[in-house]
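Notes for the structure review
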Amino acid sequence: MNRLLVLFVLLAAPAVWAEPATINAFEAPAYERPDKQSPVLHTFVERAEVSVSEQGENGFRKARLPDGKVAYVEESLLSFANRPAAPAQQPVPSDAPVQPKREASIFVKDLDHLAQLVKSDPEVAPMARGLAVREQGSTIVLISSLAAGAALTVVGLFVVPQTDCGFNSFGGQSCFLGAANYALAGTGLGVMGVGGLLGLLMKPNRGELLDVLNAWNRRHPEEPFEYSSGNR
């Protein structure tokens, strides 16, 4: 009678290892207790099939090891074939606002290129055009001052006659650079120095260029610009 009762209880008991699972990580340690600090009894490899308990415990599932023992495997490392599929994504209503598609960044090579790119924006275009004009003016000042200064220096040293002349110990006449020569040469060097400094001060810096780029990107997030020191 007792044996029949035990058999009836065993048959009526719910199956503990009813849910099949698959290891979805490279390795899945099986712990002695539902605690990662407990000893590891076995390590399952990726895609290994394992039978686990239906109920979890502290983020773990009981798992049957190959030797018949019981251990605990983290639920996050298990995939369950019998789980219901995720609900289908609901279609987007036709009147829903369309998010602008972000395109790839456009790389800006120089200020002239930037001025052409932003000419459609009434706020950003004047900023870019102003920087482009300043850069052109800076280049003109640098080139013209260097050319004019170099010309004055050459004229002072080699073209204007040397006026400081006298007789040498051999009885011949020797001439040296005079005041006019030094004045012209000094003026030429001064023109190169002052013009070069003025041209450098006029030249827009990287921060001003980035200010224009940031202003455009704030107003046109769908068409972002980035600065490139070379061709991309």
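This one's a predicted model, so the numbers in the text were calculated from it and none came from an experiment.

Some points on helix α4 (residues 179–202)
Under the 1.5 Å per step criterion, the end-to-end length of α4 is 34 Å for 24 residues, consistent within 8% with the ideal 34 Å. Of the positions making up α4, those classed as buried are Asn 181, Ala 185, Gly 188, Gly 195, Gly 196 and Gly 199.

Concerning the pairing of strand β4 (residues 49–57)
With four bridges connecting them, strand β1 (residues 19–23) and β4 associate as antiparallel partners. Across the sheet, residue Glu 19 finds its bridge partner in β4, namely Val 52. As judged from the three bridges shared by β4 and strand β5 (residues 60–64), these two strands associate in the antiparallel manner. What sits directly across from Val 52, in β5, is Ala 63. Between β4 and β5, which pair antiparallel and follow one another directly, the connecting turn spans two residues, one of which, Asn 58, has a positive phi of 60 degrees.

Some details on the nonpolar core
The tendency in soluble globular proteins is for nonpolar side chains to be buried as a group. Counting 16 residues, the largest nonpolar core has Ile 23, Phe 44, Val 50, Val 52, Val 73 and Leu 78 as its most contacted members. Looking at this core, the elements with two or more residues in it are β1, β2 (27–31), β4 and β6 (70–74). When residues no more than four places from it in sequence are discounted, the contact partners of Leu 78 are Ala 21, Thr 22, Ile 23, Asn 24, Val 50, Val 52, Arg 61 and Val 73. One finds Ala 115, Val 118, Ala 128 and Val 212 within the second-largest nonpolar core, a separate group that totals 14 residues.

The rules behind each value
- Residues numbered from 1 in each chain as written.
- Predicted model: local features only at pLDDT ≥ 70, side-chain atom pairs only at ≥ 80, totals over all residues.
- Heavy atoms only, no water.
- Helix = DSSP H or I, 4+ residues; strand = E, 2+ residues; numbered from the N terminus.
- Expected span 1.5 Å × (residues − 1).
- Buried < 20%, exposed > 50% of the residue type's maximum accessible area, 1.4 Å probe, protein only.
- Pairing = 2+ DSSP bridges.
- Core = buried A, V, L, I, M, F, W, Y, C linked by side-chain atoms within 4.5 Å.
- Contact = heavy atoms within 4.5 Å.

Just distances and angles here, no functional claims.
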